[in-house]
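Structural overview for review
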Amino acid sequence: MPINNDLHDGDFKAFFQERLVAAVESYAAAHAENPAWFYKQVSLAPSLARDLYANALKDPGLQQLCQRQWQRQMAGEQSPQAAEAREIAFDNPHVLAVARIINDSGTHLLLRVPLMVQIKRWLRLRWLIVGGVWAGVARRVWRRRVEPECEVLSNPRGDKHAQYLRPVVERSGLRFRLLGDAEWPPVRLVDLWRLRGYPTMPEIALFAIKYEAAIRILRPRAVLTLEGDSVQDCLLAQTAQAFGVYAVCLHWGAPITPFVKIGYRNF
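This structure is a prediction, so every number in the text was calculated from the model and none was measured. (Residues numbered from 1 in each chain as written. Predicted model: local features only at pLDDT ≥ 70, side-chain atom pairs only at ≥ 80, totals over all residues. Heavy atoms only, no water.)

The next thing to look at is a nonpolar patch on the surface. A cluster of nonpolar side chains, Tyr246, Val248 and Leu250, forms an exposed patch at the surface whose accessible area comes to about 310 Å². Positionally, Val248 belongs in strand 8 (residues 246–250). (Patch = residues over 30% accessible without salt bridge, like charges linked within 9 Å, V, L, I, M, F, W, Y side chains within 5 Å. Areas by Shrake-Rupley, 256 points an atom, 1.4 Å probe, with all protein chains shown as cover. Salt bridge = Lys/Arg side-chain N within 4 Å of Asp/Glu carboxyl O. Helix = DSSP H or I, 4+ residues; strand = E, 2+ residues; numbered from the N terminus.)

Structure, rendered in structure tokens:
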């Protein structure tokens, strides 16, 4: 059952989230030193963990798997019944890996990518390649369009964050550069060629490539993120630190529930 639609299933929500966070952290820790999970000096593991948590939280197969475990726990059963053994398919290899960590029953888990998902991924890859052909020229234009250097670089997510940052920018006297998600340096063909080493996390590696390019071009003294729990915030901070740039995070408030989501763990 979708956990977001059942207001009377709060205990299961906590059970599901706790199992999910433990599994995601275990999976990311197991690959923390894996060279395939690095872009140059930047580890993609923390960012992938955030992205994986957000995707796995909505995955119906994973919810179904944990729902059975929850029902057994409520019934006081120590082991699954043989009749429970069945098959659950996933279309994301990382979610499948997390499900295997969580799975303690006779359920058979497999990777099965639906045809429409394969087509969408194929079209997205082809679109990136077509864009990469002219992006080398576009990056030269981008270099001339932006201020050559800045002291603080930030990636506000949406109008709300930009609105919070604007007074800080105006009063600081520093040269700020606020770049929205669509304003980072264009991706070149050579950048897309680098993505061949990240077949299961191309979007995350692409963010790292864009952030590295902006840091090299704008040469900020620091990068500034708000809240810091998103994939982009995590990756921008890590990329900056890998290239000797300070990373600063502004956060307000604090978790008010016993459960802390993965974006705020090991902050």
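This brings us to unusual backbone geometry. Trans peptide bonds make up most of the peptide bonds, and negative phi angles are found at most residues other than glycine. If you check the backbone angles, Lys40 has positive phi at about 55° while not being a glycine. You can see Lys40 is positioned in the loop between strand 1 (38–39) and strand 2 (42–43). One non-glycine residue, Arg219, lies in positive phi territory at about 50°. By the secondary structure assignment, Arg219 is in the loop between helix 8 (202–218) and strand 7 (222–226).

This part takes up the side chain of Ser230. Take Ser230: it is sitting in the loop between strand 7 and helix 9 (231–242). Using a relative accessible area of 12% as the deciding quantity, one classes Ser230 as buried. With sequence-adjacent residues up to four places away left out, Ser230 is seen in contact with Arg50 and Arg157. (Buried < 20%, exposed > 50% of the residue type's maximum accessible area, 1.4 Å probe, protein only. Contact = heavy atoms within 4.5 Å.)

Looking now at the nonpolar core. Leu20, Leu44, Leu62, Phe90, Val98 and Leu153 are the most contacted members of the largest nonpolar core, which has 59 residues in total. Elements supplying a minimum of two residues to this core: helix 1 (10–30), helix 2 (45–56), helix 3 (60–75), strand 3 (87–90), helix 4 (93–102), helix 8 and helix 9. Here this core gets 10 residues from one element, more than from any other, and that element is helix 8. Apart from the residues within four sequence positions on either side, Val98 is in contact with Leu20, Ala23, Val24, Tyr27, Leu52 and Leu62. By size, the runner-up hydrophobic cluster in this structure holds five residues, among which are Val152, Phe176, Leu224 and Leu226. (Core = buried A, V, L, I, M, F, W, Y, C linked by side-chain atoms within 4.5 Å.)

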